[in-house]
Amino acid sequence: MSGLTLRKLSKIYSPGSKDAFHAVKEIDLVVKDKEFMVLVGPSGCGKSTTLRMIAGLEEITGGDLLIGERRMNEQLPKDRGIAMVFQNYALYPHMTVSENMAFGLKLRKTAKAEIRARVNEAADILGLSELLNRKPKALSGGQRQRVALGRAIVRKPEVFLFDEPLSNLDAKMRVQMRTEISKLHARLDATMIYVTHDQTEAMTMGDRICVMKDGEIMQVDKPVNIYQRPANLFTASFIGLPQMNFIRGRFSQSEGIFHFSGETEQTGHITLTDRLLATAQANSGKEFILGVRPEHFIACADDEEGAIRTQIELGEPLGAESFIHVRTIAGDKLIVRLPGIIQSVVGQNLCVKPILEEAHLFDVEDENRLCVSS
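Bear in mind that the values here come from a model prediction, so they are computed numbers and not experimental data.

## Topic: the overall build of the chain
Of regular secondary structure, the chain possesses 9 helices and 21 strands. Considering the chain as a whole, with its 374 residues, one finds that 49% of them fall into the buried category. Considering only contacts in the chain between residues 6 or more positions apart, those separated by 24 or more positions represent 66%. Of the roughly 17900 Å² that the chain leaves accessible, carbon and sulfur atoms contribute 48%. Counting 47 positive and 48 negative side-chain charges, the chain places the averaged centre of each group 11 Å from the other.

Spelled out as structure tokens, the structure:
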């Protein structure tokens, strides 16, 4: 197996014309040998274009693609040592499961005995042994996706590529297939690059996550680090359901207090903890955005230190927890996650308090997370 390196990789559609579009902007990324790397971001961020350049399905405009130590920019897809699993399965309807899985090996003129052994091995791994003589129309969506996986496995590639492979499955089947692909990675001990817009897939499957926006990489790190220490406002807002809450305001150097923008006498303020205080003092004079995840609020009395007075706009009881949508007097919209079933009433007052040990400060101008201590 091999790792993969992208050096200043870029893709421009219609270069030199007035309609030129820079889809991928000189990105650098190293995927380690046997690593499960997830590319995640909103539609149009460049993640699928990046994957297709790796696969050889899109021409590389600039930069270098290395698989192991070999530069692959001009190599044909069949010579890159990769296998790709697509969103739409791409199975031949007139072929059986066994024939679909064996097709690529037949094109390579692999010996029949070797093809049969590889197909049977992959079928055993994926639980397809009883389905080898069926055609795709007789399979469920999950079974078809396993066949697509099997077709990739039999090639024994250096790198597996997945382009939103679970998008066409229902919610229950997506959960099952997430687990199966993760187990497959552990069993094959292979290098895998997985593209998705679903942050749940990214958080639960990836060894590391590469967050992309507008053709650029915003952050690359382990899932827990991206969640707990987002590098910028975009990553903080994109990773996490519901997304992180943001309150814009200014820091009073003399008082050690964070004042909400548009504050009145009724809105209150937040006294920063030592960690955030050190960060704010080191960036004195700037306007800040305070970021707090929904689970890092607690309900409190209105006279408690640090209480924020809000009004409920919507309640979403989910059983084990409830999401409460509120608006502060200053006009900031927040989502608070509270344990258990909360029977909230629209228009009802609710006082909440942020757990500032888990909060973040972001620079308004460059939107980067400010950090003096973690």
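## What to know about the layout of surface pockets
The gaps left among the atoms become clear once a water-sized probe is rolled over them. The space that makes up the largest pocket amounts to roughly 530 Å³. Lining the largest pocket are 19 residues; nearest its centre among them are Met84, Phe86, Gly104, Arg151 and Arg155. Mapped by element, the contributors of at least two residues to the lining of the largest pocket are β6 (82–85), α2 (97–107) and α4 (141–153). For the lining of the largest pocket, the leading source of residues is α2, giving 4 residues. Of the residues in the lining of the largest pocket, the class split is 13 nonpolar, 2 polar and 4 charged.

## Re the pairing of strand β10 (residues 216–221)
Relative to β10, strand β9 (residues 208–213) is paired through 5 bridges, and the arrangement is antiparallel. Within the sheet, the bridge partner assigned to lysine 213 lies in β10 and is glutamate 216. Hairpin geometry of β9 and β10 is characterised by an intervening segment of 2 residues between the two adjacent antiparallel strands and by a positive phi of about 50° at aspartate 214.

## A short note on the domain arrangement of the chain
What the domain assignment reports for the chain is domain 1 (4–238) and domain 2 (245–370). Distance from the C-alpha centre of domain 1 to the C-alpha centre of domain 2: 39 Å. If you look at the interface, domain 1 gives 10 residues, while domain 2 gives 9 residues. Here domain 1 meets domain 2 over a buried area of about 920 Å², counting both sides, of which 56% is carbon and sulfur. Linking domain 1 with domain 2 are 0 salt bridges. Run the count over domain 1 and domain 2 and you get 5 residue pairs in polar contact (both at pLDDT 80 or more). Those elements that provide at least two residues to the side of domain 1 that touches domain 2 are α7 (223–228) and α8 (233–238). In the side of domain 1 that touches domain 2, the residues fall into 6 nonpolar, 3 polar and 1 charged.

## What about empty space enclosed by the protein?
This model, assessed by the stated rule, comprises 1 cavity of 30 Å³ or more. The volume enclosed by the largest cavity comes to roughly 30 Å³. Looking at the largest cavity, it is lined by 10 residues, and the ones nearest its centre are Arg275, Leu276, Thr279, Arg369 and Leu370. Looking at the lining of the largest cavity, the elements with two or more residues in it are α9 (274–282), β20 (360–363) and β21 (369–370).

## Points about the pattern of salt bridges
Going through the model one piece at a time under the given rule, you end up with 16 salt bridges. For aspartate 28, the salt bridge goes to lysine 8, with nearest N and O atoms at 3.4 Å. Of this pair, aspartate 28 sits in strand β2 (residues 21–31) while lysine 8 is found in strand β1 (residues 4–13), placing the two residues 20 residues apart along the sequence. Its salt-bridge partner being glutamate 287, residue arginine 250 comes within 3.9 Å of it at the nearest N-O pair. On the criterion of sequence distance, the pair formed by arginine 250 in strand β11 (residues 245–252) and glutamate 287 in strand β14 (residues 287–292) is long-range, its members being 37 residues apart. Here the salt bridges share partners, and the residues they tie into one network are Lys11, Arg52 and Glu58.

## A word on the side chain of aspartate 332
Within the element layout of this structure, aspartate 332 appears in the loop between β17 (321–328) and β18 (333–339). In contact with aspartate 332, other than residues within four places in its own chain, are Phe246, Ile247, Arg248, Phe260, Val326 and Arg327.

## Here's the deal with the packing of α2 against α4
Contact geometry for α2 and α4: axes closest at 8 Å, N-to-C directions at 35°. You can see that α2 and α4 cross each other, and the crossing is right-handed. Judged by residue contacts, Val97, Asn100 and Met101 of α2 engage Val147, Gly150 and Arg151 from α4.

Cut-offs applied
- Residues numbered from 1 in each chain as written.
- Predicted model: local features only at pLDDT ≥ 70, side-chain atom pairs only at ≥ 80, totals over all residues.
- Heavy atoms only, no water.
- Helix = DSSP H or I, 4+ residues; strand = E, 2+ residues; numbered from the N terminus.
- Buried < 20%, exposed > 50% of the residue type's maximum accessible area, 1.4 Å probe, protein only.
- Contact = heavy atoms within 4.5 Å.
- Areas by Shrake-Rupley, 256 points an atom, 1.4 Å probe, with all protein chains shown as cover.
- Lys, Arg positive; Asp, Glu negative; His and termini not counted.
- Charge placed at Lys NZ, Arg CZ, Asp CG, Glu CD.
- 1 Å grid on protein atoms, 1.4 Å probe; cavity = no way out; pocket = protein on both sides within 12 Å on 5 of 7 lines; lining within 4 Å.
- Points joined across faces, edges and corners; volume = space filled by probe spheres on them.
- Nonpolar A, V, L, I, M, F, W, Y, C, P; charged D, E, K, R; others polar.
- Pairing = 2+ DSSP bridges.
- Domains from an automatic or database assignment.
- Buried area = accessible area lost by both parts, 1.4 Å probe.
- Salt bridge = Lys/Arg side-chain N within 4 Å of Asp/Glu carboxyl O.
- Polar contact = N/O pair within 3.5 Å; in protein donor to acceptor, adjacent residues only side chain to side chain.
- Axes fitted to C-alpha atoms, helices over the stretch in contact; angles between N-to-C directions.
- Left-handed = near helix turned anticlockwise from the far one by under 90°.

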